[in-house]
Amino acid sequence: MAKKVKKSKTVSPKKKSAFAISKQNKIILGSLLMLFSVALFFSFISFYFTWQDDQSLLSEFSNRNEKALNLLNKFGAAVSHFAMYRGFGLASLIITALLFMTGLYMFLSLTKRGLLKKWIWGLLFMIWISIALGFFAAERPLLGGLVGFEMNDFLQDYTGKIGVFLLLLFGLIFILVRLFKVSPDEIMVYLNQKKASLTSDLKGTNSETTLKSDFGSESEDPMILDTYTHKKDIPSLHKDGEESFEVTEPVQEELKDDLAMQVEAPVVEQEEKDNIADKLVADFGEFDPTLELGSYKFPPIDLLDPHGATGGITINQEELEENKNKIVETLRNYKIGIAQIKATIGPTVTLYEIVPDAGIRISKIKNLEDDIALSLAALGIRIIAPIPGKGTIGIEVPNKNATIVSMRSVIASSKFQKAEMQLPIAFGKTISNETFVVDLAKMPHLLMAGATGQGKSVGLNAVLTSLLYKKHPAEVKFVLVDPKKVELTLFNKIERHYLAKLPDMEDAIITDNTKVINTLNSLCIEMDNRYELLKLAMVRNIKEYNVKFKTRKLNPHDGHRFLPYIVLVIDEFADLIMTAGKEVETPIARLAQLARAIGIHLIIATQRPSVNVITGIIKANFPARIAFRVTSKIDSRTILDTQGADQLIGRGDMLFTQGNDVTRIQCAFVDTPEVAKITEFIGSQRGYPEAYELPEYIGEDSGTSIDYDISERDALFRDAAEVIVTAQQGSASLIQRKLKLGYNRAGRIIDQLEAAGIVGPFEGSKARQVLITDLSTLEQLLKNEQN
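Residues numbered from 1 in each chain as written. Predicted model: local features only at pLDDT ≥ 70, side-chain atom pairs only at ≥ 80, totals over all residues. Heavy atoms only, no water.

A. Focus on the overall build of the protein. A count of helical and extended segments in the protein gives 28 helices and 15 strands. Considering the protein as a whole, with its 787 residues, one finds that 42% of them fall into the buried category. Total accessible area on the protein is roughly 44100 Å²; 56% of this is exposed by carbon and sulfur atoms. (Helix = DSSP H or I, 4+ residues; strand = E, 2+ residues; numbered from the N terminus. Buried < 20%, exposed > 50% of the residue type's maximum accessible area, 1.4 Å probe, protein only. Areas by Shrake-Rupley, 256 points an atom, 1.4 Å probe, with all protein chains shown as cover.)

Next up, the structure:
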């Protein structure tokens, strides 16, 4: 075994050095062949104009004092004389085309598969043309060359002129069938089409003008004509068309009169309203929601750092060649041939698109994912088989030296600057180094998931930064929920510009679970109020409503107002579900189902959107999903409904789907100091008097709806109160353990203690707050109740 391994190692380098040509040498050799073919082309063409004058110079080639009239002087005269006169004549131009094509293949490093076939067919075609010209233009031997003339003379000696003609005809049929794939069926179909077209044109001259225009367009369609030719039903179709045209006339005449009578009065009334609105617009202009903060300035691009990405992506040619060779070698070891391979370089990964040989199963390549990863020694590769919309298979290989995609490069791109979207978000750059911009309003909600430390919080900052650079404070408001209390605190500075909150809240960034519940229910009230406004305005969505309001067709005295978009951002959604449960789930489900049309959009980030965190109803309304790196294929399927997120390399590498294709993106990196500078810049400007107020919501906490009478209190009420006050812990489980009661009875006693003012309201999974500090205060409270 050891000898075999040693032998294979010594043999493979020799093969590589013998046949491989470096890319630089290919470019040099390819350019030489292309330029040489161009020179031959000009010398061959000029031969027909200068050959008589240059004939005498062929014997004096070494004499430097003599000049030839050929475009390439004596060299051109000699080469063209050899090729055009002594060779194949005019057909020699095919040689120049074949040389140019060969040079182009080498210059662009294209695969040489098929090049030999082109040379063989080109040479055969050249021989046939030379003999054909020698036969049909025998009196002009320069057209067919000496080869064409002598071949004709030789063949005519044995077969005569008729035999040579038949041989040429056979050669023409052979070339048309084998090279151009021409068949008698196609010729017959083409002739039938022309015949049908002429028949249709002749018949159309005797019919009405309208019929002529209708069926004239049909006869030009090759697909339709082909169908008619096989079915032989052109005349009947023309007849049917005439019958359908006669039936429609009287019906339209009657409908017009009735319709005009029915809508005459409403149209006049609507026209009066539109005239009033048009007059207001003419006098005062359209309503401008940004006028209150007319001096507001968007943050400059200089606040963002380039992160050393000014030079773009660095292409490592050796790495590309090495990976390509390893992929080809690995597939070849499993008897999988490749017809073509192409590399697309991205910031962090390179996509190798391969076209396998005919008859290779896609699943066979898909199953080699781990083997290819082993041969490349990569962190993790992803195979896309096949790439949607292409006839290729994609192999994504991480780059050894990844390029950081800065938020600055994404924001400054023309794709983002010229984006005509309601809520444009620039996530980063795709595998082809294109800026990836999507519209949050069309998603309409976004689910972000991934393991800890893989870029979820940076992704949220990228979303918020995109909107801050594109939308005016009057156009969008944020509701930020941050259970971790540290990720979104920087946005407190823009509270009076961009944030929305409840009237009684001190901080606009929501960190307390009770306030989260109230805010979500408040957003549901806002949603219902907005739908009522849309109904009164007789529009279907917020875009149509705001257009109507700007053109002053809605009266503010009727309750109408400009509606900004509201973006709800929740970081660590799983923590909310663990602490609040159903109280959070219900309003989130309502917003996910209904809030799209009225401009409320949700962005939820969590580590793993399992069923116990995000229910099926909520998940069904989040078609747009982002998956950062996860640890298993099961987690990837949970997020994206497909695998692939487990093969990401981390540090912002993510997959995005909007319900159809999965796109790999390198998320733009925006650091904390950059966010701080942006929020500081915005916060230093004049803002609104206060944050955007959401409707007030008065929650109904568990246990407060029933006011227990003293006479209906449990017999163990006093004992339970003493236990709670002594332990300073208001929980039903404590009463269960100390007094040996069932859960239902302990729950009723807790409700009675709350009604008596001994314990505080329900706080989810936390124990209730005890409002009485000691037993003496409790005794005094109970005595006062009896009196």
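Additional details are given in the paragraphs that follow.
B. Region of interest: a nonpolar patch on the surface. On the surface, a nonpolar cluster with roughly 1100 Å² of combined accessible area is contributed by Ile-27, Val-38, Phe-41, Phe-42, Ile-45, Phe-49, Leu-71, Phe-100, Leu-104, Phe-107, Leu-108 and Leu-110. Elements that contribute at least two residues to the nonpolar patch include exactly α2 (23-54) and α4 (93-107). Top element by residues in the nonpolar patch is α2. It accounts for 6 residues. Here Val-38 lies in helix α2. (Patch = residues over 30% accessible without salt bridge, like charges linked within 9 Å, V, L, I, M, F, W, Y side chains within 5 Å. Salt bridge = Lys/Arg side-chain N within 4 Å of Asp/Glu carboxyl O.)

C. Fine view of the packing of aromatic side chains. In total, this model carries 12 aromatic pairs according to the counting rule given. Ring centres 6.4 Å apart and planes at 5° place the aromatic pair Phe-125 and Trp-128 in the stacked group. Linking Phe-125 with Trp-128, this pair stays in helix α5 (residues 115-136), spanning 3 residues, or about one helical turn. When the ring of Phe-135 is compared with that of Phe-136, the centres are 4.9 Å apart and the planes differ by 90°; the resulting orientation is edge-to-face. Judged by its relative accessible area of 18%, Phe-135 is buried. (Phe/Tyr/Trp six-rings, centres within 6.5 Å; stacked < 30°, edge-to-face > 60°.)

D. Molecular detail of the environment of Tyr-85. With respect to the helices and strands, Tyr-85 occurs in helix α3 (residues 73-85). It is 9.3 Å that separates the C-alpha atoms of Tyr-85 and Phe-47, two residues lying 38 residues apart in sequence. Ignoring anything within four residues of it in the chain, the contact list for Tyr-85 reads Phe-47, Ser-80, Leu-142, Gly-145 and Leu-146. (Contact = heavy atoms within 4.5 Å.)

E. Molecular detail of the environment of Met-407. Within the secondary structure layout, Met-407 lies in helix α14 (residues 407-411). Distance from Met-407 to Asn-461, taken between C-alpha atoms, is 10.0 Å for residues 54 residues apart in sequence. Excluding residues that lie within four positions of it along the chain, Met-407 makes contacts with Leu-304, Ala-426, Ala-462, Thr-465, Ser-466, Ala-668, Phe-669 and Val-670.

F. Just helix α25 (residues 717-727), in detail. Buried within α25 are the following residues: Phe-717, Ala-720, Ala-721, Val-723, Ile-724 and Val-725. Elements that come into contact with the buried residues of α25 comprise α26 (732-739), α27 (743-755) and α28 (775-786). Immediately beyond the C-terminal end of α25, within one or two residues, lies Gln-728, with a positive phi of roughly 55°.

G. Broad picture of the packing of α26 against α27. For the pair α26 and α27, interaxial distance at closest approach is 9 Å and the crossing angle is 120°. Relative to α27, α26 is oriented oblique. Once α26 is placed against α27, the crossing between them reads as right-handed. Across the interface between the two elements, Ala-732, Ile-735 and Gln-736 from α26 touch Tyr-743, Ala-746, Gly-747, Ile-749, Ile-750 and Leu-753 from α27. Split into classes, the residues belonging to the contact of α26 with α27 amount to 7 nonpolar, 2 polar and no charged. (Axes fitted to C-alpha atoms, helices over the stretch in contact; angles between N-to-C directions. Parallel < 35°, antiparallel > 145°, perpendicular 65-115°, else oblique. Left-handed = near helix turned anticlockwise from the far one by under 90°. Nonpolar A, V, L, I, M, F, W, Y, C, P; charged D, E, K, R; others polar.)

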